[in-house]
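In case you want the letters, here they are:
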Amino acid sequence: MKFVHFGDLHVWSRCFVWRELQYPKRWIGPVNLRLNRRKRFPPGYRLPAIEAVIKEKTDIAVYTGDFTTFALREEFVMASALFERIFEKVGDGLIALPGNHDRYTEASVQKGHMEHYLAFLPKERVFTRQLAPRITVVGVDHAYPFRLRSNGIVKDDVHEQLVETMERMKRTNQIVILAGHFPFITPPEHPESWHHKLIGEEKMLELVRTYKPRLYLHGHKHVRWSLRDERCPDTLCLNCGSIGMKSDSREKQAGYITWDMDDRGEIRNLTAKVFDGRSTWVPHDLSQD
Ligand SMILES: [Fe+2]
Ligand SMILES: [Fe+2]
């Protein structure tokens, strides 16, 4: 079974939003877009990104959030048109969850554009998708709107559901691929900041130590990495980086991760692919340890 893991496309449509100005993010965000994001997330990268995923002829495509930049209707419309192309090819093999940018403000959440335009997203905060008799993807959605910050939160009720689900997976002897938007640990060279981190990350670390999923897939921090940490050595944490960002550094430049998994959950050919900015996605090995 072949996997593609990608995320953080961050489509954007315009720089200023003349509404919801009571939210500081509604004017700080656009100023930031004008100064930085417009260059960092070139619209010309979007279609090559979607085509690269399609060309992989993958069985499973896992998208770990941040479809949009400001959770605006226009952005969801664009994301929907792009992801429709993947859905056409991969069908139910497309497994996706939202990121913090897709729930940018309380008002944008209430409008329900995300659920409307990205109908392939699961309705529940914790969901499962069985891929093979012994292999299941468990997804958890920790994204909530914040007035200014970009955190995620491990809320008690969602965490209880996740524990119950992992308990069920253990009873039924499933090999689990856990997916979320936020990292719960990061490599020492990429520390997480207080306004960007997953609040309650220690609960996720404890869960991963206890239930030992084979993989934890996430994005949010726009750096590609593979991390096997001594605190949870049975789980390989993969950050797919952004598939839409322009950068001089290979780990930050637009790219994604692929691998093969057999029916016993063995991982082979773990590879990162990085966009050359024109037409080619250049592969390089991603160390498992
Ligand atoms: Fe992001
Ligand atoms: Fe994010």
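Residues numbered from 1 in each chain as written. Chains lettered and ligands numbered in written order. Predicted model: local features only at pLDDT ≥ 70, side-chain atom pairs only at ≥ 80, totals over all residues.

Visitor: I tried to follow the overall build of the chain on my own but got confused; where do I start?
Guide: The helix and strand inventory of the chain stands at seven helices and 14 strands. Taken against the 2.2 N^0.38 rule, which gives 19 Å for 289 residues, the C-alpha radius of gyration of the chain at 18 Å falls within 12% of a compact globule. Its C-alpha atoms give the chain principal-axis dimensions of about 50 × 45 × 40 Å. Taken over 289 residues, the chain has a buried fraction of 46%. Expressed as a percentage of contacts within the chain between residues at least 6 apart in sequence, the contacts between residues at least 24 apart total 70%. (Helix = DSSP H or I, 4+ residues; strand = E, 2+ residues; numbered from the N terminus. Rg over C-alpha atoms; globule rule 2.2 N^0.38 Å. Buried ≥ 20, exposed ≤ 12 C-beta atoms within 10 Å, placed from the backbone. Contact = placed C-beta atoms within 7 Å.)

Visitor: Could you clarify how one ought to interpret the nonpolar core in this entry?
Guide: The tendency in soluble globular proteins is for nonpolar side chains to be buried side by side. Formed by 73 residues in total, the largest nonpolar core has its most connected members in Ala49, Val53, Ala61, Val62, Ala79 and Leu118. With six residues, the single largest contributor to this core is helix H3 (residues 73-90). If we ignore the near neighbours within four places in the chain, the residues touching Ala49 are Leu9, Ile243, Gly244 and Ala254. (Core = buried A, V, L, I, M, F, W, Y, C linked by C-beta atoms within 7 Å.)

Visitor: What should I look at first to understand unusual backbone geometry in this one?
Guide: Peptide bonds are trans in most cases, and residues, glycine excluded, mostly fall at negative phi. Phi is positive for Asp8, close to 50°, though the residue is something other than glycine. With respect to the helices, strands and loops of the structure, Asp8 is situated in the loop between strand S1 (2-6) and helix H1 (25-40). Positioned with a positive phi, Lys212 is a non-glycine residue whose angle comes to about 50°. By the element assignment, Lys212 lies in the loop between helix H7 (201-211) and strand S9 (215-218). For Lys212, a count of 16 C-beta atoms within 10 Å gives the class partly exposed.

Visitor: Help me understand the packing of helix H6 (residues 156-171) against H7, please; the structure alone is not making it clear to me.
Guide: Where H6 contacts H7, the two axes come as close as 11 Å, and the packing angle between them is 10°. The pairing of H6 with H7 is recorded here as roughly parallel in orientation. Every residue of H7 that contacts H6 at His159, Leu162, Val163, Met166 and Lys170 is listed here: Lys203, Leu207 and Tyr211. (Axes fitted to C-alpha atoms, helices over the stretch in contact; angles between N-to-C directions. Parallel < 35°, antiparallel > 145°, perpendicular 65-115°, else oblique.)

Visitor: Just checking my understanding: could you explain H7 for this structure?
Guide: An α-helical segment advances 3.6 residues per turn. Residues three or four places apart therefore align on the same side. Residues Glu201, Met204, Leu207, Val208 and Tyr211 constitute the buried set of H7. Looking straight down H7, one finds that the buried residues subtend no more than 115° of arc, so they occupy a single side. Along H7, the residues that are exposed and aim more than 90 degrees away from the buried face are Glu202 and Thr210. Contacts from the buried residues of H7 go to H6, strand S7 (175-179), strand S8 (198-199) and S9. One or two positions beyond H7, positive phi appears at Lys212, with a value near 50°. (Arc of directions from axis to C-beta.)

Visitor: Is there a simple way to think about the sheet that holds S9 in this case?
Guide: Hydrogen bonds along the backbone pair up the strands of a sheet, which may run parallel or antiparallel. The six strands are arranged S4-S5-S7-S9-S11-S10 in an open sheet whose pairing can be described as mixed. In the strand order of this sheet, the two ends are held by strand S4 (126-132) and strand S10 (224-227), each with one partner. Between one strand axis and the next, the sheet turns through 15° on average, direction left out of account. Where S4 and strand S5 (residues 135-140) come together, six bridges link them in antiparallel fashion. Paired with Arg129 across the strands is Val137, a residue of S5. The strands touched by H6 are S4, S5 and S7; relative to S5, the strand with the most contacts, the crossing angle is about 175°. (Pairing = 2+ DSSP bridges.)

Visitor: Looking at this structure, how should I read the packing of helix H2 (residues 46-55) against H3?
Guide: Between two packed helices, the angle of one axis relative to the other and the distance separating the axes together describe the packing. Running from N to C, H2 and H3 cross one another at 10°; their axes reach a closest spacing of 10 Å. On the basis of their axis angle, the class for H2 and H3 is roughly parallel. Mapping the contact onto sequence places Arg46, Ile50, Val53 and Ile54 in H2 and Leu82, Arg85, Ile86 and Lys89 in H3. Its residues placed into classes, the contact of H2 with H3 shows five nonpolar, no polar and three charged. (Nonpolar A, V, L, I, M, F, W, Y, C, P; charged D, E, K, R; others polar.)

Visitor: Would you mind showing me how to read the sheet that holds strand S13 (residues 267-275) here?
Guide: In space, the six strands of this open sheet follow the order S3-S2-S1-S12-S13-S14, with mixed pairing throughout. Looking at which strands have only one partner, the edges of the open sheet turn out to be strand S3 (94-96) and strand S14 (281-285). On average, each strand axis in the sheet is tilted by 25° relative to the strand beside it, whichever way the strands run. Running over the sheet, H2 touches S1, strand S2 (60-63), strand S12 (255-261), S13 and S14 and is turned about 160° from S1.

Visitor: Got a minute to help me understand the environment of Thr271 in this structure?
Guide: Counting through the fold element by element, Thr271 comes out in strand S13. Each C-alpha atom of the pair Thr271 and Ile243 lies 14 Å from the other, and the pair is 28 residues apart in sequence. Contacts of Thr271, omitting those with residues within four sequence positions, involve Thr258, Trp259, Pro283, Asp285 and Leu286.

Visitor: How do you make sense of the environment of Val62 when you look at a structure like this?
Guide: For Val62, the location among the structural elements is in strand S2. Measuring from C-alpha to C-alpha, the distance between Val62 and Glu251 comes to 19 Å, with 189 residues separating the pair along the chain. Filtering out sequence-adjacent residues up to four positions away, Val62 remains in contact with Phe3, His5, Ile95, Val137, Ala179 and Leu217.

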